[in-house]
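# Architecture and fold: a report
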Amino acid sequence: MEAAERATKERILVFDEKRADLERTCAALAHQLPFAEVEGVASLVDYHAATQGREYDVVIIEQQLEEVSGVELMVELKLRDREPAVLLLSRSADPKVLSSIYSAGNSRCIVKEGRWLEEIGPAVRHLRRIRKLEHENAALIAKLTEANVLWSEKNKRLDEFSGTVAHDIRGPLGGINMK
């Protein structure tokens, strides 16, 4: 694991109504990402309390919940000012289900079959890297926008200066031309 990852403890929230899957997911994350702070919730009420009270770097949601779909919860998170990366877990490998997940704007989904628990750690690291790059990109865009504003202001002042210089030179040159 990289030193930078150790220095900043990532906060991960896992929401799965099936306690056995929740415990297995949290245990896999604890094993694969020992420097992460993992919290698990098994009810919608606990999920809302957790996401209202704390900020998370990654939120992992079971896509097929009883009361609400994981996609709806993901969209709700995306509408906030500071959004975490979202990883959806799906019990279905149906292309229509997976297509709806990705169409809703989710960047990563893991189908819960085979050795799916082994995919969680690398997927979280990948989502974290993408999120970091998005933040760096936003910071660079802000710097470029600020530089463009300064450039525009300097350009405007230069235009005003050249207009003044041209006016000041035209006066004496006009007098010379008349002679």
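Starting from 1, residues in each chain are numbered consecutively following that chain's sequence as written. Residue-level local features of this predicted model are given only where pLDDT is at least 70; pairs of side-chain atoms are given and counted only at 80 or more, and the full residue set underlies all totals for whole chains, interfaces and linings. Hydrogens are left out, water is left out, and the side-chain values use all remaining heavy atoms of the structure.

## Some details on the side chain of Glu 62
Heads up, the rule is: Strands are runs of DSSP state E lasting at least two residues, helices are runs of H or I lasting at least four, and both sets are numbered from the N terminus onward. Only protein chains enter the accessibility calculation, which uses a 1.4 Å probe; a residue whose area is less than 20% of its type maximum is buried, one above 50% is exposed, and one in between is partly exposed. Counted as a polar contact is a pair of N or O atoms within 3.5 Å, where, for protein atoms, one must be capable of donating a hydrogen and the other of accepting one, and residues adjacent in sequence contribute only when both atoms are in side chains. Contacts: residue pairs with any heavy atoms within 4.5 Å of one another.
Structurally, Glu 62 can be placed in strand S3 (residues 58-62). For Glu 62, a relative accessible area of 0% translates into the label buried. At a separation of 2.8 Å, a polar atom in the side chain of Glu 62 contacts the side chain of Lys 112. Discounting residues that sit within four places of it in the chain, Glu 62 has contacts with Phe 15, Asp 16, Gly 70, Leu 89, Ser 90, Arg 91 and Lys 112.

## Overview of the nonpolar core
What counts, and what does not: Working definition of a nonpolar core: buried Ala, Val, Leu, Ile, Met, Phe, Trp, Tyr and Cys residues. They are joined through side-chain atoms within 4.5 Å.
Leu 13, Phe 15, Tyr 47, Val 59, Ile 61, Leu 73 and Ile 101 are the most contacted members of the largest nonpolar core, which has 22 residues in total. Those elements that place two or more of their residues in this core are strand S1 (11-15), helix H3 (44-53), S3, helix H4 (70-78), strand S4 (85-90), helix H5 (95-103) and strand S5 (108-111). Setting aside anything within four residues of it in sequence, one finds Phe 15 in contact with Val 41, Ala 42, Ser 43, Leu 44, Tyr 47, Ile 60, Ile 61, Glu 62, Leu 65 and Leu 73. Grouped together as the second largest cluster of nonpolar side chains are 21 residues, Ile 12, Ala 85, Leu 117 and Leu 127 included.

## Description of the packing of aromatic side chains
The test is simple: Classification of ring pairs rests on two measures: the distance between centres of Phe, Tyr or Trp rings, Trp counted by its six-membered ring, which must be within 6.5 Å, and the angle between planes, read as stacked under 30 degrees, edge-to-face over 60 and tilted in between.
In the structure shown here, the tally under the stated rule is one aromatic pair. Aromatic pair Phe 15 and Tyr 47: ring centres 5.0 Å apart, planes at 20 degrees, arrangement stacked. Taken together, the positions of Phe 15 in strand S1 and Tyr 47 in helix H3 put the pair 32 residues apart, joining distant regions of the chain. Residue class for Phe 15 comes out buried when judged on its relative accessible area of 1%. Note on Tyr 47: relative accessible area 0%, which makes it buried.

## Thoughts on H4
Along an α-helix, residues three or four positions apart point the same way, because every turn accommodates 3.6 residues. This is how the line gets drawn: What the arc measures is the spread of directions leading from the helix axis to the C-beta atoms.
Among all positions of H4, only Gly 70, Val 71, Leu 73, Met 74 and Leu 77 are buried. Buried positions in H4, seen along its axis, are confined to an arc of 160 degrees and lie on one side of it. Packed against the buried residues of H4 are S1, H3, S3, S4 and H5.

## Remarks on helix H2 (residues 19-32)
Here is the rule we go by: Expected span, for any helix, means 1.5 Å times one less than how many residues it has.
Across its 14 residues, H2 extends 20 Å between first and last C-alpha, which sits within 8% of the 20 Å expected from 1.5 Å per residue. Residues of H2 that are buried include every one of Asp 21, Leu 22, Thr 25, Cys 26, Ala 28 and Leu 29, and no others. One side of H2 holds all its buried residues, which, seen down the axis, span an arc of 160 degrees. Among the exposed residues of H2, those pointing more than 90 degrees away from its buried face are Arg 19, Ala 20, Glu 23 and His 31.

## Looking at the sheet that holds S1
Paired through their backbone hydrogen bonds, the strands of a sheet run either parallel or antiparallel. Operational definition: When DSSP finds two or more bridges between a pair of strands, those strands are recorded as paired. Helix axes use the C-alpha atoms of the stretch in contact, all axes being lines fitted to C-alpha atoms, and the angles between their N-to-C directions lie in the range 0 to 180 degrees.
With parallel pairing, the five strands of this open sheet are ordered in space as S2-S1-S3-S4-S5. For this open sheet the edge positions go to strand S2 (37-41) and S5, each flanked by a neighbour on one side alone. In this sheet, neighbouring strand axes are inclined to one another by 20 degrees on average, regardless of whether the strands run parallel or antiparallel. Pairing of S1 with S3 involves four bridges; the strand directions are parallel. The residue of S3 that forms the bridge with Val 14 is Ile 60. Along the sheet, H4 contacts S1, S3 and S4; its crossing angle with S3, the most-contacted strand, is approximately 160 degrees.

Remember, this is a structural readout, not a statement about activity or role.
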